[in-house]
Amino acid sequence: MDQFEHYITAFGPLAILLGAALEGQTAVIAGGVLAHKGLIPWPVAFGAAAFGSWVVDHLLFVLGRSFRMSRFVRRMAAKRAFGRAMALIERYPVIFILSFRFLFGLRAVGPVAVGVCDVSTMKFTLLNIAGALLWAGVFTGLGYAFGPAVVSALEALAPHALPIAVASAGVVVVALVLWRWRVWVTQERTAP
């Protein structure tokens with residue numbers, strides 16, 4: 001177990017940073033749990049989460065601003081969430097930039113949509129920093145506050161990890177088969 005804790009201490013902040021950038025809340029909450037266990041200092045978990053969130057959102061903003069006519073931005077603009085984001089940005093730009101991380105379905109399209117709008121780069125940068133700090137504080141704090149409950153639940157589930165993993169894999173396989181079957185049936189119905 002000491003070896004595992006060594007790896008968590010060494011690579012945990014990087015994992016939190018990457019998780020915050022790519023996935024979101026789960027990695028940041030896990031960072032708060034690790035901070036509660038004393039494996040990572042809370043400011044390090046918080047900083048990694050805020051930086052990861054800020055970097056990816058700023059990158060998406062720059063992509064939206066610089067490549068408005070690119071295929072990537074047009075593909076993002078085709079999503080229903082993009083239209084919702086644009087409507088919110090026009091009405092409440094400051095509130096939107098501070099809160100899009102918290103709104104389901106807007107995490108990836110939000111910064112791109114702001115980049116397409118007329119919000120200045122400086123305004124977005126400052127509000128993005130504030131939003132990233134707020135988001136990281138909330139979710140790292142949740143992980144820290146509920147760390148004991150999470151750890152005890154994981155310890156209770158540990159003896160059953162293999163059956164849970166097998167059952168989860170089975171559910172995923174069945175869902176994929178059903179989805180593929182549904183696509184096939186739909187294609188057969190619409191075929192001339």
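Conventions and cut-offs
- Residues numbered from 1 in each chain as written.
- Predicted model: local features only at pLDDT ≥ 70, side-chain atom pairs only at ≥ 80, totals over all residues.
- Heavy atoms only, no water.
- Helix = DSSP H or I, 4+ residues; strand = E, 2+ residues; numbered from the N terminus.
- Buried < 20%, exposed > 50% of the residue type's maximum accessible area, 1.4 Å probe, protein only.
- Contact = heavy atoms within 4.5 Å.
- Areas by Shrake-Rupley, 256 points an atom, 1.4 Å probe, with all protein chains shown as cover.
- Lys, Arg positive; Asp, Glu negative; His and termini not counted.
- Charge placed at Lys NZ, Arg CZ, Asp CG, Glu CD.
- pLDDT = per-residue confidence, 0-100.
- Patch = residues over 30% accessible without salt bridge, like charges linked within 9 Å, V, L, I, M, F, W, Y side chains within 5 Å.
- Salt bridge = Lys/Arg side-chain N within 4 Å of Asp/Glu carboxyl O.
- Expected span 1.5 Å × (residues − 1).

Student: Tell me about the overall build of the protein, and please be specific about residues and values.
Tutor: Counting its secondary structure elements, the protein contains 10 helices and zero strands. The order of α-helices and β-strands along the protein, N terminus first, is α-α-α-α-α-α-α-α-α-α. Overall, the C-alpha framework of the protein stretches about 55 × 50 × 25 Å when taken along its three principal axes. Per-residue burial for the protein yields a buried fraction of 33% across its 192 residues. Residue pairs in contact within the protein that sit at least 24 positions apart in sequence constitute 80% of those at least 6 positions apart. Of the roughly 11800 Å² that the protein leaves accessible, carbon and sulfur atoms contribute 73%. Charged side chains in the protein number 16 positive and 8 negative. The centres of these two groups are separated by 14 Å.

Student: Residues and numbers for the confidence of the model for the protein, please.
Tutor: In low-pLDDT regions, the fine details of the predicted coordinates are not to be read closely. Mean pLDDT over the protein works out to 85, with 97% of the residues at or above the 70 mark. When the elements of the protein are averaged for pLDDT, helix α9 (residues 147-157) gives the smallest value, 74, and helix α8 (residues 121-145) the largest, 94.

Student: If you had to explain a positive patch on the surface to someone new, which residues and values would you point to?
Tutor: Together, R71, R74, R75 and K79 make up a positively charged patch on the protein surface. Within the secondary structure, R74 is located in helix α4 (residues 71-77).

Student: So, the environment of G115: which residues are in play, and what are the values?
Tutor: Note that G115 resides in helix α7 (residues 109-116). The class for G115 is buried, based on a relative accessible area of 0%. Separated by 49 residues in sequence, G115 and S66 place their C-alpha atoms 7.9 Å apart.

Student: Could you give me a rundown of α8, with the residues and numbers involved?
Tutor: A rise of 1.5 Å per residue sets the reference length of α8, with its 25 residues, at 36 Å; its end C-alpha atoms lie 35 Å apart and thus fit the reference within 8%. Inspection of α8 places F124, T125, L127, N128, G131, A132, W135, A136, F139, T140 and G143 among the buried residues, and these make up the whole buried set.

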